[in-house]
Amino acid sequence: MQPTLRPYQEDLVARAAETLAAGHRKIVAQLPTGGGKTVVFSAITNRFMQRSGGRVLILVHRIELVRQARKSLDKCGGIQSHAIKAGTTWIPDTPAHVGMVESAD
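Being a predicted model, the structure only gives us computed values, none of them experimental. (Residues numbered from 1 in each chain as written. Predicted model: local features only at pLDDT ≥ 70, side-chain atom pairs only at ≥ 80, totals over all residues. Heavy atoms only, no water.)

**Concerning the overall build of the chain**
Part 1 of the argument: Scanning the chain from terminus to terminus reveals three helices and three strands.
Part 2 of the argument: Seen in sequence order, the chain has helices and strands lined up from the N terminus as α-α-β-α-β-β.
Part 3 of the argument: Over its C-alpha trace the chain gives a radius of gyration of 14 Å, about what one expects of a compact globule, namely 13 Å for 105 residues.
Part 4 of the argument: Taken along the three principal axes of its C-alpha coordinates, the chain extends 40 × 30 × 30 Å. (Helix = DSSP H or I, 4+ residues; strand = E, 2+ residues; numbered from the N terminus. Rg over C-alpha atoms; globule rule 2.2 N^0.38 Å.)

Following this line, the structure appears as structure tokens:
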């Protein structure tokens, strides 16, 4: 069951989608602490997956956020994800990958 987004979260998802549809590929969205960034990027990912079937890489700054992001993706449309950690040599063919910024170097 997908989480219900708050109105400001719905607005951010819609604005991000409009910006991407306009051809912009490098966008920045922000919310304050506790604003639900993980839920929002999970909703954006879900929308993208439904429309394009493409793959997504999500980078975060702490290992706790890797776990949180993967749980949120699963709750938001059952999006399968794989955690990319330091030393990863094999990456499975899943729709979403979540890793730490340092691991992507």
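Let us keep going from here.
**What to know about the pattern of salt bridges**
Part 1 of the argument: One pass over the full model with this rule turns up three salt bridges.
Part 2 of the argument: With a shortest N-O distance of 3.3 Å, Glu64 and Arg62 are connected by a salt bridge.
Part 3 of the argument: Assessed through its relative accessible area of 48%, Arg62 is described here as partly exposed. (Salt bridge = Lys/Arg side-chain N within 4 Å of Asp/Glu carboxyl O. Buried < 20%, exposed > 50% of the residue type's maximum accessible area, 1.4 Å probe, protein only.)

**Topic: the pairing of strand β3 (residues 96-100)**
Part 1 of the argument: Among the five residues in β3, five count as buried, and that is most of the element.
Part 2 of the argument: Relative to β3, strand β1 (residues 56-60) runs parallel, the two sharing five bridges. Counterpart to Val60 in the pairing with β3 is Met100. (Pairing = 2+ DSSP bridges.)

**Some remarks on the packing of helix α1 (residues 7-21) against helix α2 (residues 37-52)**
Part 1 of the argument: At a closest axis distance of 10 Å, the pairing of α1 and α2 adopts a crossing angle of 45°. Considered as vectors, α1 and α2 are oriented oblique to each other. Note that α1 runs across α2; the crossing there is right-handed. Across from Gln9, Leu12, Val13, Ala14, Ala16 and Ala17 in α1, the residues of α2 making contact are Val40, Ala43, Ile44 and Arg47. (Axes fitted to C-alpha atoms, helices over the stretch in contact; angles between N-to-C directions. Parallel < 35°, antiparallel > 145°, perpendicular 65-115°, else oblique. Left-handed = near helix turned anticlockwise from the far one by under 90°. Contact = heavy atoms within 4.5 Å.)

**Considerations on the packing of α2 against helix α3 (residues 63-75)**
Part 1 of the argument: Orientation of α2 relative to α3, taken along the N-to-C sense of each, is 50°, at an axis distance of 9 Å. Of the possible angle classes, the one that applies to α2 and α3 is oblique. As α2 runs across α3, the sense of the crossing is right-handed. Of the residues in α3, those in contact with Thr38, Val39, Phe41, Ser42 and Thr45 of α2 are Gln68, Ala69, Ser72 and Leu73.

**Regarding α2**
Part 1 of the argument: Here α2 spans 22 Å end to end across 16 residues, near enough to the 22 Å set by a 1.5 Å rise per residue.
Part 2 of the argument: For α2, the elements touching its buried residues are α1, β1, α3 and β3. (Expected span 1.5 Å × (residues − 1).)

**Quick word on the sheet that holds strand β2 (residues 81-84)**
Part 1 of the argument: Spatially, β1-β3-β2 is the arrangement adopted by the three strands of the open sheet, whose pairing is parallel. Of all strands in the sheet, those bounded by a partner on one side alone are β1 and β2. Direction aside, neighbouring strands of the sheet carry axes that sit 20° apart on average.
Part 2 of the argument: Across four bridges, β2 lies against β3 in parallel orientation.

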